[in-house]
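So you can see what is in the structure, the chains are spelled out below.
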Amino acid sequence: MCGSSMSVPLPATVPAIRRATAAVSRGGHGSQGPARPTAGRSLWRGGAAQVIFLHGLGDTGHGWAEAFMSIRSSHIKYICPHAPVMPITLNMNMAMPSWFDIFGLSPDSQEDEPGIKQAAENVKALIEQEVKNGIPSNRIVLGGFSQGGALSLYTALTTQQKLAGVTALSCWLPLRASFPQGPISGVNRDISILQCHGDCDFLVPLTFASITAEKLKTLVNPANVTFKTYEGMMHSSCQQEMMDIKHFIDKLLPPVD
């Protein structure tokens, strides 16, 4: 069982990660306009492979950088950028780190289409910068938690940069209606996706995650979409999930000579 002891002091805002013996609790969602993500935490261990992981609303990259320290592989570079700060409609317009504005967390909620698209372009620019630094795009795994996971899915499905895979934790696919009914035509139509979700998540309900998983299977090769659920896990993470992430990443990004 993946338990969670996290509390939620504000609507849809999850506290920063807490390292614990049995679980790794993580949180967050949403950025304003064209502001670029800041550098965040980078764990450089050498080798031409990389993980770019996007935190959730109200969070920073620091906690997830700590979490990846426990599962890192020596040949992979890990980057956990910080979202810019912006007012969030869902949280009474309070300003907090966010990749885009959020109006609600249900499948039929209004969405910040311009903000989501701009945030995706910013992530694509970050990927392009890493490619210029010598890491092939097909040796990059993109991922995120909650709002960051949502952005990672949208970016991977709309970019022309061929990626190794996506880790999508406790999240959803934004702008679902903008995607075709059948497979996408882009370079990532065969991309590997690991989608993880707690069965006790009350912020982003499991039903929303299930809708996302079914949609993903129509957009990319369904054999490459893995949807894992964790008993007792809320809007957070746990050690079993982190180990599943490690196995997924290590399989996609093996060492090369």
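Since this is a predicted model, take the numbers as computed values, not measurements.

Asks: Any details on the overall build of the protein? Residues and values, ideally.
Replies: Counting its regular elements, the protein contains five helices and eleven strands. Of all 257 residues assigned to the protein, the portion counted as buried reaches 56%. Total accessible area computed for the protein in this model is approximately 10,200 Å², and 54% of it derives from carbon and sulfur atoms.

Asks: So what's going on with the pattern of salt bridges? Residues and values would help.
Replies: Inspection of every chain in the model, using the stated rule, returns five salt bridges. A salt bridge links Glu130 to Lys77; the nearest nitrogen and oxygen atoms lie 3.1 Å apart. Taken together, the residues span a long stretch of sequence, with Glu130 in helix 2 (residues 113-132) and Lys77 in strand 5 (residues 77-82) at a distance of 53 residues. Looking at Glu130, the relative accessible area reads 6%, which means it is buried. Residue classification places Lys77 among the buried positions, given a relative accessible area of 15%.

Asks: Please provide a residue-by-residue account of the nonpolar core, values included.
Replies: Most often, soluble globular proteins have nonpolar side chains that are buried together. Counting 43 residues, the largest nonpolar core has Leu151, Leu153, Leu157, Trp172 and Val220 as the members making the most contacts within it. Listed by contribution, the elements that provide at least two residues to this core are strand 4 (50-54), strand 6 (85-88), helix 2, strand 8 (140-145), helix 3 (147-158), strand 9 (165-169) and helix 4 (206-219). Of all hydrophobic cores here, the second largest spans 25 residues; its members include Phe68, Ala164, Ile249 and Leu253.

Asks: Break down unusual backbone geometry for me, citing the residues and quoting the values.
Replies: Positive phi is not limited to glycine here, since Met92 has a value of about 60°. With respect to the helices and strands, the residue Met92 is situated in the loop between strand 6 and strand 7 (94-97). Positive phi is not limited to glycine here, since Asn93 has a value of about 65°. Relative to the helices and strands, Asn93 is located in the loop between strand 6 and strand 7. By relative accessible area, Asn93 is classed as exposed at 52%.

Asks: Pulling in residues and values, what's your account of the packing of aromatic side chains?
Replies: Where two aromatic rings form a pair, the distance of their centres and the angle of their planes describe that pair. Counted by the stated rule, this structure contains seven aromatic pairs. Ring centres of Phe53 and Phe68 lie 5.1 Å apart, and the angle between their planes is 65°; this geometry places the pair in the edge-to-face category. A residue pair is termed long-range when its members are at least 10 positions apart, and Phe53 in strand 4 and Phe68 in helix 1 (residues 61-69) qualify at 15 residues. Comparing Phe53 with Phe68, the two get one shared label, buried. Ring centres of Tyr154 and Phe179 lie 5.7 Å apart, and the angle between their planes is 70°; on these two criteria the pair is classed as edge-to-face. Taken together, the positions of Tyr154 in helix 3 and Phe179 in the loop between strand 9 and strand 10 (192-198) put the pair 25 residues apart, joining distant regions of the chain.

Asks: Describe in detail helix 1, supporting the description with residues and values.
Replies: Buried residues of helix 1: Gly61, Gly63, Trp64, Ala65, Ala67 and Phe68, and no others. Put simply, Thr60 is the residue that caps the front of helix 1, since its side-chain oxygen is 3.3 Å from the backbone nitrogen of His62.

Asks: Talk me through the pairing of strand 4; I want residue IDs and the actual numbers.
Replies: Where burial is concerned, most of strand 4 is hidden: five out of the five residues are buried. The alternating pattern of strand 4 places Gln50, Ile52 and Leu54 and Val51 and Phe53 on opposite faces, both of which are buried. Here strand 4 pairs with strand 5 via three bridges, running parallel. Directly across from Val51, in strand 5, lies its bridge partner Tyr78. The β-α-β motif built from strand 4, the intervening helix 1 and the parallel element strand 5 has right-handed crossover chirality.

Asks: Please set out helix 2 residue by residue, giving values where relevant.
Replies: Since the α-helix advances by 3.6 residues per turn, residues separated by three or four positions end up pointing in the same direction. The first and last C-alpha atoms of helix 2 sit 29 Å apart over 20 residues, in line with the 28 Å expected at 1.5 Å per residue. If you check which residues of helix 2 are buried, you get Gly115, Ile116, Ala119, Ala120, Asn122, Val123, Lys124, Leu126, Ile127 and Glu130. As for helix 2, its buried residues are in contact with strand 4, strand 5, strand 8 and helix 3. Once helix 2 ends, the next one or two residues include Gly134, with phi positive near 110°.

The rules we used
Numbering of residues starts from 1 in every chain and runs along the sequence as written. Given that the model is predicted, a residue must reach a pLDDT of at least 70 before its local features are reported, and side-chain atom pairs must reach 80 or more before they are shown or counted; all residues, however, enter totals for whole chains, interfaces and linings. Note that water and hydrogens are dropped before the side-chain values are worked out from all heavy atoms of the structure. Secondary structure elements follow DSSP: runs of H or I of four or more residues count as helices, runs of E of two or more count as strands, with numbering from the N terminus. A simple rule labels every residue: compare its accessible area, found with a 1.4 Å probe on the protein chains alone, to the largest value its type can have, and call it buried under 20%, exposed over 50%, or partly exposed in between. Note on areas: Shrake-Rupley with a 1.4 Å probe; residue coverage comes only from the protein chains shown. Here, a salt bridge means any side-chain nitrogen of Lys or Arg that lies within 4 Å of a carboxyl oxygen of Asp or Glu. To qualify as a nonpolar core, a set must consist of buried Ala, Val, Leu, Ile, Met, Phe, Trp, Tyr and Cys residues joined through side-chain atoms within 4.5 Å. When the centres of two rings from Phe, Tyr and Trp lie within 6.5 Å, Trp using its six-membered ring, the rings pair. Their planes under 30 degrees apart give stacked, over 60 give edge-to-face, and anything left gives tilted. Any N or O atom pair separated by 3.5 Å or less is treated as a polar contact, with the protein-specific requirement of one donor-capable and one acceptor-capable atom, and with residues adjacent in sequence counted only for side-chain atom pairs. Any two strands with at least two DSSP bridges between them are considered paired. When the strands point away from the viewer, a crossover counts as right-handed if the route from the first strand across the helix to the second turns clockwise. A helix is expected to span 1.5 Å for every residue after the first. Should any heavy atoms of two residues lie within 4.5 Å, those residues are considered in contact.

These results come straight from atomic positions and should not be treated as a statement about function.
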